[in-house]
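# Structural features, examined
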Amino acid sequence: MVAELPVEKDRHGHIVVDGTMRCPSHPEVWALGDCAAIPAPDGRPYPSLAQHALREARVLARNIAGVLDGRTPQPFVYTTLGMMGSLGHGKAFGQLLKVRVRGVLAWFVRRTYYLLQMPGWGRRLRIVTSWTFALLFRPEIVKVSLDSEAALLLREAAADAGLKAFGGVNAPYIWVKTPESLTSWQMFDRMLRELNVVITPGAGFGAQGEGHFRISAFNSRENAEEVARRLGTLR
Ligand SMILES: Cc1cc2nc3c(=O)[nH]c(=O)nc-3n(C[C@H](O)[C@H](O)[C@H](O)COP(=O)(O)OP(=O)(O)OC[C@H]3O[C@@H](n4cnc5c(N)ncnc54)[C@H](O)[C@@H]3O)c2cc1C
């Protein structure tokens, strides 16, 4: 988007602005952050860093409001507070003003700094709680599944067809009792012949599965709806 703007850019493609972040060629255009080359008092552009972008935003907001009120915009002047980097596993390094820190202390300072950058104490509390949990407990890998929605749909369709259905709640499978004391393989044949739907015969899971069959919801919403519709035609 920046590349296509008809404003002056430097050799890195950054929009050329003056110290107040205003475009000299188009005074109605202001730019900041990574897309702008904002000159520091020594003439060199500020680095493309978040700590600069955040502060540039505040000065720029004041400048735009000031210009609208007829005041002279002020240049952005900022001395880098330091640098920090994470190494993971509770380790980091950094330089805060002139003080070098590393290890757990740097990790803690870095996290605390980022935490305080989050807007609102409610959000900060939520984040710090989540971080603390992550420190104390192993991550719990869960499958975020949209299949459960299709599973519920199929379960309801089976129930509407007069079948006794189980499962399908927070699970991708629906277990259904075969009607009329059919064996699970007889039901397999019937579902295939009458509805053109493939199910899994319960007997395939062992003797306890006999008399039941399984419908899988691992499918698209459209296919699940189609199977639900066909279940409604089961006689
Ligand atoms: C991997 C990485 C690590 C970094 N680590 C650090 C660090 O440790 N410390 C530090 O100070 N800085 C770091 N930076 C730099 C820092 O992220 C940037 O300097 C800062 O985010 C710049 O802010 P910005 O608002 O200019 O741009 P951005 O934060 O990039 O925001 C631009 C926004 O505009 C949106 N956007 C883009 N195109 C369009 C469009 N056409 N329409 C609508 N929206 C659009 C983007 O989705 C984005 O949300 C890092 C950058 C990277 C890439």
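What comes next concerns the included structure. (Residues numbered from 1 in each chain as written. Predicted model: local features only at pLDDT ≥ 70, side-chain atom pairs only at ≥ 80, totals over all residues.)

### Focus on the sheet that holds strand S6 (residues 165-167)
The cut-off we apply is this: Should DSSP find at least two bridges between two strands, the strands are regarded as paired. The numbering of helices and of strands both runs from the N terminus, where a helix is a DSSP run of H or I of at least 4 residues and a strand a run of E of at least 2.
Taken together, the four strands give an open sheet; going across it, the order is S6-S7-S9-S8, and neighbouring strands pair in antiparallel fashion. Taken across any chain shown, the strands that pair with only one partner, and hence form the sheet edges, are S6 and strand S8 (200-201). One ladder, built from two bridges, connects S8 with strand S9 (residues 212-216); its direction is antiparallel. Bridging from a neighbouring strand, Pro 201 pairs with Phe 213 of S9.

### Section: helix H1 (residues 50-68)
Stated precisely, the cut-off is as follows: One less than the residue count of a helix, multiplied by 1.5 Å, gives the span that helix is expected to have. Each residue is classified by how many other C-beta atoms fall within 10 Å of its C-beta atom, where C-beta atoms are placed from the backbone; a count of 20 or more means buried, 12 or fewer means exposed, and values in between mean partly exposed. By definition, the arc is the one covered by directions from the helix axis to the C-beta atoms.
Spanning 19 residues, H1 covers 27 Å between terminal C-alpha atoms, matching the ideal 27 Å at 1.5 Å per step. Within H1, burial applies to Glu 56, Val 59, Leu 60 and Asn 63. Buried residues of H1, seen end-on, are gathered within an arc of 110° and therefore sit on one face of the element. Turned more than 90 degrees away from the buried face of H1, the exposed residues are Ala 50, Arg 58, Ala 61, Ala 65 and Leu 68. Gly 70 sits one or two positions beyond H1 and adopts a positive phi of about 85°.

### A closer look at the sheet that holds strand S4 (residues 91-96)
To keep it simple, the criterion reads: Note on geometry: axes are lines fitted to C-alpha atoms, helical ones only across the stretch in contact, with angles between N-to-C directions running from 0 to 180 degrees.
The sheet built from three strands is open, its strands ordered S3-S4-S5 with antiparallel pairing. In this open sheet, the two strands that pair with only one neighbour each are strand S3 (82-88) and strand S5 (99-102). Each strand axis lies, on average, 5° off the axis of its neighbour in the sheet, ignoring direction.

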